[in-house]
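# Architecture and fold: a report
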Amino acid sequence: MASTIGTATSRIDGRAKVTGLAKYAGDFNVPNLAFGAVVTSTMTKGRIVRIDASRALAVQGVLDVLTHDNRPKMGSADKDYHDDVAPEGGSPFRPLYDDRVRFNGQPVALVLAEDWETARFAATLVGIQYESESFATDLHARLEQVRTIDKPEKPRGDAAKALGRAAARHEAEYFIPAEYHNPMELFGATVVFDGGGKLTIYDKTQGVQNVQRYVCGVFGLKPDDVRVMSPFVGGAFGSGLRPQYQVVLATLGALKLKRPVRLVLTRDQMYGLSYRPATIERIALGANAGGRLDAVSYQAIAMTSQYEDFSRNDAGWAELLYTSANARYAHKLARLDVATPGDMRAPGAATGVYALECAMDELAVALKLDPLELRLRCYSDRDQASGLPYSSKQLRECYRQGAEAFGWAKRSPAPRAMRDGSELVGWGMATGVWEALQMPFSTRIVLTANGHAEVSSAASDIGTGTYTIVAQVAADMLGVPIDNVTVKLADSSLPTAQVEGGSWTAASVAHAIVNAADDIRKELLSVAQTMPGSPLKGLKPGEVVLADGAIAAGHDKRRAVAVAEIMRHGKLERIEKERSSDFKDDDRHARNTHSAIFAEVKIDEELGVIRVTRMVNAVAAGRIINTKTAASQVSGSVVGGIGMALHEEALTDHAFGRIMNANIAEYHVPVNADVQDINVIFVDEPDSVINPMGIKGVGEIGIVGVAAAIANAVYHATGKRVRDLPITLDKLDR
Ligand code: MOS
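In this numbering scheme, every chain counts its residues from 1 along its sequence in written order. This being a predicted model, a pLDDT of at least 70 is required before a residue's local features are given, and a value of 80 or more before pairs of side-chain atoms are given or counted; all residues contribute to the totals for chains, interfaces and linings. By convention in this description, side-chain values take in all heavy atoms of the structure and omit both hydrogens and water.

Partly exposed describes any residue whose relative accessible area lies between the buried limit of under 20% and the exposed limit of over 50%, with all areas from a 1.4 Å probe on protein chains only and scaled to the type maximum. The way it works is that DSSP assigns letters per residue, a run of H or I at least four long becomes a helix, a run of E at least two long becomes a strand, and they are numbered from the N terminus. Extensive coverage of strand S11 (residues 199–203) is indicated by the burial of five of its five residues. Neither face of S11 is exposed, since Leu199, Ile201 and Asp203 on one face and Thr200 and Tyr202 on the opposite face are all buried. By definition, two strands form a pair when at least two bridges between them are found by DSSP. Examined bridge by bridge, strand S10 (residues 188–193) and S11 share five bridges and lie antiparallel to one another. By the bridge assignment, Ala189 is partnered in S11 with Asp203. Here S10 folds back onto S11 in antiparallel fashion, the turn holding five residues, of which Gly195 has a positive phi close to 85°. With four bridges joining them, S11 and strand S12 (residues 226–229) adopt parallel strand pairing. Looking at S12, one finds that Ile201 is bridged to Val228. For the handedness criterion, the strands are oriented away from the viewer, and a crossover whose path from the first strand over the helix to the second runs clockwise is classed as right-handed. Handedness of the S11-helix H5 (residues 208–219)-S12 crossover: right-handed.

Shown next as structure tokens:
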């Protein structure tokens, strides 16, 4: 039986997904289901003076209208609303809590009805009188009031002085607008009131146990009384890391009506939740005459809400990535009258590395150096911030293989030097970097005498392929065919798991499977050694392997006993083991994934229309469990990067504090016609330090650097540098 790890195994849940068998949060049908619809604030800041629900209540089929005035009791303290992914500073948002309006699009009433159409119609009839206060939603208008957070860890040397003496210098400001995740699946929850206070909740989330704890806190319930499931998630990109308000409101409705309630948000209401914060990135780079970096100065200014301090690491990458004797960074926050931003697609890095990698390109131009050559001259085998060596770093190989696959050597260095008919051709490149994170995850494996294994964990599969890699790792560790493995995920009653985020799930869950499978192997060995004439006598657990339905000596596969025989001998019907990933923070190594991205754009010289015709993303991310799902992760992330570079931007009318394009017709994302040739390469990167299988995780690494590579290609094609995203044709024309 061949190993499945490292192969292009198709998704084990693929059939369920394409045939419609897979159920999402809003698909669970139960008898007596009532439906909710949310009324959201049309003004930005102030208080609700009066809510008139009489017209809504008069509609036949309407069951109730809940507001802060008449809702059932909910927690009031910050701690009641605790969630694992909440920012450290501030107070979490509490839906329908009081008469305060903190942002445009805030939920202010919940209409409950016998069916969805009635609920939605009645929601339009709820009259709300507001008292409005002055507000600010524009980051650029609040720069005088910013606050510095994340004090520089350890500024290296004296960046200001080094900049002063630099032979070549580049200093500029880059801008990334607010972006929305826009997953296909809308936020939704189906809350089943089981009687006796027990709730079963199907919620769209990246972390069922996080939602379970949160709901228990908000409603003062016991963990045993709340079960949260999210077996399938139609994309989230970070928006489902924190519990969102639909789960609170659906639960509120179910508790009030004492019957099941479903609440699915509308697409425009998705813009009242989490998003990537607009961020200004100010960077200065200085190089010496040899074309090596000597000074890095980085300052990020990002927006947050008035009630929470959300921030991610935009600024730190510049200090870490390249060799430079002098470096400093700072991160500042500006409070605006908006909903709290959140994690989105490599938060911090997608934005921070965008600016860094554009700046490196501009520095290369100033030095008259090939941009790839500049990266190689500044290459570092140590994390420059901590000084630690990497557990593994094959970035050099990413550059080499990526450049070769792309044909980088054939690039003419001067801008506007390459053409294809009426189109200017531009080639740009960038580096990507992300953290190789791990979290404590647990799994339970039940191996039955018929050679079947069930593997379970509360971990989520947000479309990333977790079901499949769990089955692969378990199949290989237990020596059974992958078809004999059943995987259960995303149920809060299963063994402990953190949210699926940060690209940490594969490494964490695989580690736990390895541990649980180790325990199973130990137990099988000890039973096998009691069998008369056992060929395994005297062997230690580390000296045997599970393969082909048997346990065998690692060095001599002929010394083997079938697992079925062992279980029969031991009168075992099943062996059940639950273990956690005993990941220990190793403070002797830096742990990161890396990538090299190469982009080709073709730009119509007359019209300025930009097409991304080719991308190569060469990724070093440790061992790849599934080359098919991992490549899908990376190419999907590249599409996200194309969106970031050329399309995505939430446009707010700052006179009203309201997003003008809260829909997926006017909030542009790449469509099929925008996505052409994407070549994903996984560079071999053995890592014996990071965890037993050498897994680092993919997903987020796929987007980091992509927007910079495209922006750099646009410069190369046109000679025009656009620093604020997205690069639209009007900006090329300026
Ligand atoms: Mo990711 S932005 O941690 O879901």
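Once the structure has been displayed, the description carries forward.
For Thr613, the position within the fold is in strand S28 (residues 610–620). On the accessibility criterion, Thr613 (8% relative accessible area) is buried. For the pair formed by Thr613 and Tyr322, sequence separation is 291 residues and the distance between their alpha carbons is 29 Å. Here a residue-residue contact requires only that any non-hydrogen atoms of the pair lie within 4.5 Å. The contact partners of Thr613, leaving out residues within four places of it in the chain, are Glu600, Val601, Lys602, Gln676 and Asp677.

With that settled, the discussion passes to the nonpolar core. Buried together is how nonpolar side chains tend to be arranged in soluble globular proteins. Of all hydrophobic cores here, the largest spans 117 residues; its most connected members are Leu139, Leu478, Leu524 and Ile551. It is helix H12 (residues 505–528) that provides the largest number of residues to this core, a total of 12 residues. Discounting chain neighbours no more than four positions away, the residues touching Leu478 are Ile445, Ala453, Ala517, Ile520 and Leu546. Here, nonpolar core means buried Ala, Val, Leu, Ile, Met, Phe, Trp, Tyr and Cys residues that are tied together by side-chain atoms lying within 4.5 Å of each other. Ranked by size, the runner-up nonpolar core spans 94 residues in total, among them Val353, Met429, Val619 and Ala621.

Further remarks concern the pattern of salt bridges. Salt bridge, as applied in this entry: a Lys or Arg side-chain nitrogen positioned within 4 Å of an Asp or Glu carboxyl oxygen. Under the criterion given, the structure shown has 47 salt bridges. Residues Lys204 and Glu185 are paired through a salt bridge, measuring 3.8 Å at the closest nitrogen-oxygen approach. With Lys204 in the loop between S11 and H5 and Glu185 in the loop between strand S9 (168–176) and S10, this pair connects stretches of sequence that are 19 residues apart. Its relative accessible area of 2% is what places Lys204 among the buried residues. A salt bridge links Asp491 to Arg227, with the shortest nitrogen-to-oxygen separation between them at 2.5 Å. With a gap of 264 residues between them, Asp491 in the loop between strand S22 (485–488) and H12 and Arg227 in strand S12 connect regions that are remote in the sequence. The exposure class of Asp491 is buried, given its relative accessible area of 9%. A relative accessible area of 37% means that Arg227 is categorised as partly exposed.

The next thing to look at is the packing of helix H11 (residues 466–478) against H12. Angles run from 0 to 180 degrees between N-to-C directions of axes, and those axes are lines fitted to C-alpha atoms, restricted for helices to the stretch in contact. Across the interface, H11 lies against H12 with an axial gap of 9 Å and an inter-helix angle of 30°. Comparing the axis directions of H11 and H12 gives the class roughly parallel. The handedness of the crossing between H11 and H12 is right-handed. Touching Thr466, Ile469, Val470, Val473, Ala474, Met477 and Leu478 of H11 are Thr505, Ala506, Val509, Ala510, Ile513, Val514, Ala517 and Ile520, all from H12. The cut-offs work like this: below 35 degrees is roughly parallel, past 145 is roughly antiparallel, 65 to 115 is roughly perpendicular, and the gaps in between are oblique. Two helices that cross are described as forming a left-handed crossing if the nearer one is turned anticlockwise from the farther one by less than a right angle, and a right-handed crossing if clockwise.

Omega for the peptide link from Leu725 to Pro726 comes to -10°, which places this bond in the cis form. For Pro726, the location among the structural elements is in the loop between helix H15 (706–718) and helix H16 (729–733). Residue Leu96 is not a glycine yet carries a positive backbone phi of 55°. Position of Leu96 relative to the elements: it lies in the loop between strand S4 (89–90) and strand S5 (100–101).

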